Amino acid sequence: MDRELREYLDRHFDRLEERIGALADRVGAVEERMGALEDRMTRTEVAVEEIRDQVRLVAEGHNLLYGAICRHYDEVRDELRFVQSLLKTWNDLVTNRLRELERRVREKAG
């Protein structure tokens, strides 16, 4: 092989080696970024799962509270109805006693 051809091929292979080295560096950088993205994705999935569990707990708590409020409302409503009936009874008794007293007063006056 003549000298010029050898020098040409050496320069050509040297450039190819440089380009391959640059490509290998770029692939390495991309692999690092992909690894970082995978780690970030895993942390995000874990965080989303934790949030999902917390939302589930809040929903269960909400249901329990809503049920307790409904039961308490029913109890208070029933007690209010009972108090209203007592008040009506007392009002009727007082009204009757007042009428009876008025009748007696009129009888004594008349």
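See the structure above.
Along each chain, numbering runs from 1 in the same order as the chain's sequence is written. Since the coordinates come from a predicted model, pLDDT governs what is reported: local features require at least 70, and pairs of side-chain atoms require 80 or more to be given and counted, while whole-chain, interface and lining totals use all residues. Processing note: side-chain calculations cover all non-hydrogen atoms of the structure and skip hydrogens and water entirely.

**Looking at the pattern of salt bridges**
Link 1 in the chain: Basic side-chain nitrogens of Lys or Arg form a salt bridge, by our definition, when they fall within 4 Å of a carboxyl oxygen of Asp or Glu. Following the criterion strictly, the structure yields nine salt bridges and no others.
Link 2 in the chain: One salt bridge connects Arg77 with Asp78, and the closest N-O pair in it is separated by 3.7 Å.
Link 3 in the chain: In this structure, the salt-bridge partner of Arg103 is Glu107, at a minimum N-O distance of 2.3 Å. On the criterion of helical spacing, the pair formed by Arg103 and Glu107 is a turn pair, its members being four residues apart in helix α1 (residues 3-109).
Link 4 in the chain: The buried label goes to any residue with under 20% of its type's maximum accessible area, the exposed label to any with over 50%, and the partly exposed label to all in between, with areas taken from a 1.4 Å probe on protein chains only. Judged by relative accessible area, Arg103 falls into the partly exposed class, the value being 34%.
Link 5 in the chain: Through salt bridges that share partners, Glu100, Arg103, Arg104 and Glu107 make up one connected network. Where helices and strands are cited, they refer to DSSP runs of H or I of at least four residues and of E of at least two residues respectively, numbered from the N terminus.

**Some remarks on the environment of Asp25**
Link 1 in the chain: In this structure, Asp25 sits in helix α1.
Link 2 in the chain: Sequence-wise, Asp25 and Glu7 are 18 residues apart; in three dimensions their C-alpha atoms are separated by 27 Å.

**Looking at a nonpolar patch on the surface**
Link 1 in the chain: Each patch is built from residues that are more than 30% exposed by relative accessible area and take part in no salt bridge. Like charges join if they lie within 9 Å; nonpolar side chains (Val, Leu, Ile, Met, Phe, Trp, Tyr) join within 5 Å. Here the accessible surface of atoms and residues is derived via Shrake-Rupley with a 1.4 Å probe, and residues count as covered only by protein chains that are part of the display. Together, Phe82, Val83, Leu86, Leu87, Trp90, Leu93 and Val94 give the surface a local cluster of nonpolar side chains, amounting to about 710 Å² of exposed area.
Link 2 in the chain: Within the secondary structure layout, Val83 lies in helix α1.
Link 3 in the chain: The class of Val83 is partly exposed, set by a relative accessible area of 40%.

**A word on a negative patch on the surface**
Link 1 in the chain: Taken together, the side chains of Asp10, Asp14, Glu17 and Glu18 define an acidic patch exposed on the protein surface.
Link 2 in the chain: Take Asp10: it is sitting in helix α1. Charge counting follows a simple rule: Lys and Arg are positive, Asp and Glu are negative, and His as well as the terminal groups are ignored. Charge positions are represented by NZ for Lys, CZ for Arg, CG for Asp and CD for Glu.

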